[in-house]
Amino acid sequence: MKQDKNEYKQNKLSYDLKEQSLISPFDSTIPLYSPKIRLGILASGNGSNFEYIVKSIKNKQLNADISILIVNNPNCLAIKKAIKYKIPFVIINHRECSSRFEHDMLVMKKLEELSVELVVMAGWMRIVGEEIINGFKNRLINIHPSLLPSFKGVDAIQQAIDKRVTITGCTVHYVQKEVDSGSIIIQAAVPIKEQDSKETLKKRIQDMEHIILPLAISKVAKNIRTSLKDNK
Ligand code: GAR
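Residues numbered from 1 in each chain as written. Predicted model: local features only at pLDDT ≥ 70, side-chain atom pairs only at ≥ 80, totals over all residues. Heavy atoms only, no water.

Q: How should the site of the ligand be read in this particular structure?
A: In the vicinity of the ligand, the residues found are G45, N46, G47, S48, N49, G123, M125, I143, H144, P145, Q206 and E209. At 3.5 Å, a backbone N or O of P145 approaches an oxygen atom of the ligand. Relative to its unbound accessible surface of 450 Å², the ligand loses 89% to contact with the protein. Placement of the ligand is best described as lying within the largest pocket. At the level of elements, α2 (48–58), β6 (140–144) and α7 (198–231) are the ones that each hand at least two residues to the shell around the ligand. (Near = heavy atom within 4 Å. Polar contact = N/O pair within 3.5 Å; in protein donor to acceptor, adjacent residues only side chain to side chain. Areas by Shrake-Rupley, 256 points an atom, 1.4 Å probe, with all protein chains shown as cover. 1 Å grid on protein atoms, 1.4 Å probe; cavity = no way out; pocket = protein on both sides within 12 Å on 5 of 7 lines; lining within 4 Å. Sits in = over half its atoms within 2 Å of the grid points. Helix = DSSP H or I, 4+ residues; strand = E, 2+ residues; numbered from the N terminus.)

What follows is the structure, encoded as structure tokens:
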């Protein structure tokens, strides 16, 4: 059957769009560096991002060792994953600390004790203070479930639904004092479908998080290794 010219164009366009990556910036090669980077992971929840970091290391997509998983909540599921993959973990319960500062200091002490080079907040539901931010300048990153600078703070996925945006996503960024405001390392866009519930949307956002977080870690690790060489 002969195809209408316009129809062909339209099909071609949608085909091209499908081929476009929704991740930006997107490099077809994973940044390489050595030796392995020593990671400290901070988590408060299910730990799916933590698990994908572990899987990326096992798959040799990420040249890293996890020195420690630190959780602030004794009931968080990330602990079960640490046990499953035999990753050392410690619970530093903020409810047992008299102040945010005291909690931050305990976290900081643990990270320094283990000579952690890069700290990844992977579902860490606490604001960190200046001591940690300055102590790990350019070495502290966070993943957030929106296309920053839109929808900072709590329940970013619900915020996007409430605002009726049609595209949201996830962002990995450096951590600075103002919440969810540091320089962006990598983002992935996720369209919101009409039939989406919060749960279905969250699932698609997290699928992208699991891809971009290991990529962002590689990028930052490469910068750390390069700047160390430059300073020698
Ligand atoms: C992730 O979706 C992450 O973006 C979000 O918490 C979830 C943790 O999931 N973080 C924030 O909202 C931080 N403001 P996980 O425990 O399964 O990795």
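Q: Could you clarify how one ought to interpret the layout of surface pockets in this entry?
A: It is a probe the size of a water molecule, rolled over the atoms, that shows where empty space is left. By volume, the largest pocket is sized at about 870 Å³. In terms of lining residues, the largest pocket is bounded by 36 residues, among which G123, W124, M125, I143 and P145 are the most central. For the lining of the largest pocket, the element with the highest residue contribution is α7, accounting for 5 residues. Of the residues assigned to the lining of the largest pocket, the class counts are 15 nonpolar, 13 polar and 8 charged. As a volume, the second largest pocket reaches approximately 250 Å³. Contributing to the lining of the second largest pocket are 15 residues, with S56, Q61, H210, I211 and P214 lying nearest its centre. (Points joined across faces, edges and corners; volume = space filled by probe spheres on them. Nonpolar A, V, L, I, M, F, W, Y, C, P; charged D, E, K, R; others polar.)

Q: Is there a simple way to explain the nonpolar core in this structure?
A: One recurring pattern in soluble globular proteins is that nonpolar side chains are buried together. L39, I53, V120 and I141 are the most contacted members of the largest nonpolar core, which has 49 residues in total. Per-element accounting of this core gives the leading share, 11 residues, to α7. In this structure L39 touches I53, A64, D65, I66, S67, I68, V116, L118, V120 and I217, once residues within four positions along its chain are discounted. One finds L42, V90, M121 and I132 within the second-largest nonpolar core, a separate group that totals 18 residues. (Core = buried A, V, L, I, M, F, W, Y, C linked by side-chain atoms within 4.5 Å. Buried < 20%, exposed > 50% of the residue type's maximum accessible area, 1.4 Å probe, protein only. Contact = heavy atoms within 4.5 Å.)

Q: Sorry if this is basic, but what is going on with empty space enclosed by the protein here?
A: Counted according to the given criterion, the structure contains 1 cavity of 30 Å³ or more. The space that makes up the largest cavity amounts to roughly 40 Å³. Split by residue class, the lining of the largest cavity holds 5 nonpolar, 1 polar and 2 charged.

Q: I tried to follow the side chain of E209 on my own but got confused; where do I start?
A: Note that E209 resides in helix α7. Residues in contact with E209, not counting those within four places in the same chain, are N49, I143, H144, P145, C170 and P214.

Q: Teacher, can you tell me more about the pattern of salt bridges here?
A: It is possible for side chains of opposite charge to pair when their charged atoms get near one another. A full pass over the atoms with the stated rule returns 8 salt bridges. A salt bridge links K36 to D65, with the shortest nitrogen-to-oxygen separation between them at 4.0 Å. Here K36 is found in the loop between β1 (23–24) and β2 (37–43), whereas its partner D65 is found in strand β3 (residues 64–71), with 29 residues between them in sequence. Put simply, R204 and D196 hold a salt bridge, and the shortest N to O gap is 2.8 Å. Connected through shared salt-bridge partners, R38, E117 and R225 make up one network. (Salt bridge = Lys/Arg side-chain N within 4 Å of Asp/Glu carboxyl O.)

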